[in-house]
Amino acid sequence: MNFFKTIYHSAVLENPTFVLLLGMCPTLGTTSSAINGMSMGLATTGVLICSNAAISGIKNLVPDKVRIPVYIVVIATFVTLLQMLLQAYAPALNDSLGIFIPLIVVNCILLGRAEAFASRHNVASSVADGIGSGLGFTVARTLLGACRELLGSGSIASLSIYPESWGALLFILAPGAFIMLGFLIAIYRYLQAKSTKKHSA
Amino acid sequence: MEGNRITVTGSPHVSAKRTTQSVMLNVIAALLPALACGIWIFGWRSALVAAVTIAACMLTEFLCSRYMLGRRDSLRDCTAIVTGLLLAMTLPSSIPLPMAFAGGVFAIGVGKMAFGGTGQNIFNPALVGRVFLLISFPVEMTTWPLPLSPDGLTGATLLSAMKESGVDAASIDVAQMAIGNMGGSLGEVGAIALIAGWLYLTARRIIRLVIPVAILASIALLAAVTGNSVVIELLSGGLLLGAFFMATDYVTSPMTTKGMIVYGILIGVITFVIRHYGSYPEGISFAILIMNGCTPLINKLTRPRVFGERRKR
Amino acid sequence: MAGVLTITTMIAGFLLGYVYRSTAEARDKASSDKLVGAISQVVSGFDNDPVSSKTTVTAGSSQITIYPATHDGRLIGCAAESSSDNGFSGKITIVAGFDPDGNILGYEVTSHAETPGLGAKMNDWFRGTGSRSVIGRNPSSRPLKVSKDGGEVDGITAATISSRAFLEALNIASEGAMTYFRQSTENK
């Protein structure tokens, strides 16, 4: 598989949010606006690319029995580095993402891609997978955030579309995240089924 | 439709003249007195709100079933009208009309069609719409026009007044409550009208006595035990409307008598707990939705033994 | 096996230690900038460093952190950090500024978990117009209450619990500030 094919495969066919349903905790917790959705997605993407590359690089040195602890150490290191950098140079962003930055460690996407992809492929492919999965995650989150923001506070990326007092609060709250995610998954599956039909016909 | 196919459905197999449509028309008839009472107390805007929610429900039902489920005659069974009417009755008559419309769209679109349409929904669609509006627009949904006041004054409902400002229960005129002269949603205030509608439905054997009686009895008992006024507890808020017309929804309530009793009692208990210990003044809509979610479990646990089947040890 | 794990952990540890040290200054600056930013929002015109001269006082049952604000060595007010646990969803922490008479100069909600669109409006609501505003009021003479409880402040519509908790935190802050002012005049 070449580099770009891997990106496409990881981002679209195995989209972490819409197809694999991985990383649901931050997906539901920090998508109350498009900007929040995107920034958390990008933070995760950064960690994912680094951890995928590192794990793929050391995969032959690590015995099978301790591979999970090693993966966790690698992932946790990158997450902690990211958090320290954010605290130092982007404190506002760090505040708005709050507890969800350290929680990237337990995001299933990272361990999932490490176990399912990076431990079996070379560094270049693993980086491609990191970019693809991260991109798929980021786009899905941004979309979810934009929909929730539009319905909940009447704006997209802080650009006001209609008065905020008409926004349905439900979509800003957690239940709205579940409902909106359900509908987006349904639409995604519908479009996917349609395109498969077209290809096979 | 493909007429030469045999339709296979699960039990119970009962052959009767009763159709969904006739049941729903009876429910509508039973709701009319309470709606009339709402119009009398809060003015013609009540009727306008009802018209908007019904239109929103019918439109959503039509569009979803036509273009997503591929069914043509989805409006004929009148369930969308009942949902719209019930939703309107849980709203304050002063609610902005676009919000009422959004509530109707949400009730049918998310509460019903997302689960596959009539008969497939887990939660009562009208209550899904109401809770959506309550959570989304808390200001508009808790601003109640005062009864019989033409100049648009607003005030608190009895339950919220008792909870937040400590209104004394003894100062409340029960006779005025019974005819509906109190603040509240446009369809929940007329206790006598609601009871009349309930008696009609029960007499026509559209609904059974079990669920409403279980709800009301458990609340009355809890009120008596905790030293609250039983009459005020029963007449205030949306309790009667919910117990008579929403908790008894066929699709979302248990099928067995034993199950209905459990379901009714738990609705009563949850309502009472939310009213007295929760942060919302009224809890009947949350209680019914919670128990809607438990209905499949109740059905499973109270499933009657097939004749001749041995009892499991 | 154990060797690989040890080596991985050691590399990770060194890496973290290095970045921790090299970003320490920037991180400290960012967090104190935030605090100073909040303090200068609530009291203005000071020329000292309120964070380094902070002190704690006891008000009722709680410890209040006080950031004194001075100009040319004269006390012009202070910022008090206090909290209430009675919010709709937990703790509300605020920083409020007071002049030496106890009038509220400003406030800033620094952390809370209230419902967005409802209780979360408190950071703007109580700066609003008319009887919504708490600016200029003096809780030391009479604790602030929402109008529903017979007080003079209009609480946030449909978010009475959040409003009550906010005012509670503000009253505690006022108590702390007054205690501090009394102590500092006694010491002179």
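Position labels on residues start from 1 in each chain and follow its written sequence. Chains and ligands are labelled sequentially in the order written, the chains with letters from A and the ligands with numbers from 1. Per-residue local features are limited, in this predicted model, to residues with pLDDT of at least 70; the limit for side-chain atom pairs, both in listing and counting, is 80 or more; totals at the level of whole chains, interfaces and linings are taken over all residues. With hydrogens and water stripped out, all remaining heavy atoms of the structure feed into the side-chain values.

Looking at the state of the cysteines
- Throughout, a disulfide means two cysteine sulfur atoms within 2.5 Å of one another. Taken as a whole, this structure holds zero disulfides over all chains when the rule is applied.
- For A:Cys147, which is in no disulfide, the shortest distance to another cysteine sulfur is to B:Cys64 and amounts to 17 Å.

A look at unusual backbone geometry
- Positive phi, normally seen in glycine, also occurs at A:Leu21, with a value near 55°.
- Mapped onto the secondary structure, A:Leu21 falls in the loop between helix H1 (3-13) and helix H2 (24-29).
- Each residue is placed in one exposure class: buried if its accessible area under a 1.4 Å probe, protein chains only, is under 20% of its type's maximum, exposed if it is over 50%, and partly exposed if it falls in between. Note on A:Leu21: relative accessible area 41%, which makes it partly exposed.
- A positive phi angle, close to 65°, is found at B:Cys78, a residue other than glycine.
- Here B:Cys78 shows up in the loop between helix H2 (45-67) and helix H3 (79-89). By the criteria applied, helices consist of DSSP H or I runs no shorter than four residues and strands consist of E runs no shorter than two, each listed in order from the N terminus.

A few points about the sheet that holds strand E5 (residues 104-111) of chain C
Residue and element names in this part refer to chain C.
- Pairing within the open sheet is antiparallel, and its five strands lie in the order E1-E2-E3-E4-E5. The open sheet has two edge strands, strand E1 (55-59) and E5, and neither has a second partner. The average undirected angle you get between the axes of adjacent strands in this sheet is 30°.
- Think of it this way: DSSP has to see at least two bridges between two strands before they count as a pair. Both strand E2 (residues 62-71) and strand E3 (residues 74-87) contribute to a ladder of seven bridges, which runs antiparallel. What sits directly across from Ala69, in E3, is Gly77.
- Contacts are residue-level and defined by heavy atoms, with any inter-residue pair within 4.5 Å sufficient. Inter-axis angles, ranging from 0 to 180 degrees, are taken between N-to-C directions of lines fitted to C-alpha atoms, where helices are fitted over the stretch in contact. Most of the contacts of helix H1 (residues 2-42) go to E5, to which it runs at about 150°, and overall it touches E2, E3, strand E4 (90-98) and E5.
- Packing of helix H3 (residues 160-187) onto the sheet brings it into contact with E1, E2, E3, E4 and E5, and relative to E3 it is tilted by some 145°.

Regarding the packing of aromatic side chains
- Between 30 and 60 degrees the pair is tilted, below 30 it is stacked and above 60 it is edge-to-face, where a pair is any two Phe, Tyr or Trp rings, Trp via its six-membered ring, whose centres lie within 6.5 Å. Inspection of every chain in the model, using the stated rule, returns 11 aromatic pairs over all chains.
- Taking 4.9 Å as the distance between ring centres and 40° as the angle between the ring planes, the aromatic pair formed by A:Phe18 and A:Tyr188 counts as tilted. Note that A:Phe18 is positioned in the loop between H1 and H2 and A:Tyr188 in helix H8 (residues 174-200), a separation of 170 residues in sequence.
- The class of A:Phe18 is buried, set by a relative accessible area of 4%.
- Seen in terms of ring centroids, B:Phe115 and B:Phe123 are 6.4 Å apart; in terms of plane orientation they differ by 65°. Their pairing is edge-to-face.
- Using a relative accessible area of 34% as the deciding quantity, one classes B:Phe115 as partly exposed.
- These aromatic residues form a ring-pair network of at least three members: A:Phe171, B:Phe106 and B:Phe132.
- In this structure, C:Arg127 is placed above the aromatic ring of C:Tyr107, and the distance from its NZ or CZ to the ring centre is 4.4 Å.
- Positioned above the aromatic ring of C:Trp125 is the side chain of C:Arg132, whose terminal nitrogen or guanidinium carbon lies 3.9 Å from the ring centre. Placement of a charge over a ring requires the Lys NZ or Arg CZ to be within 6 Å of the ring centre, with the centre-to-atom vector within 35 degrees of the ring normal.

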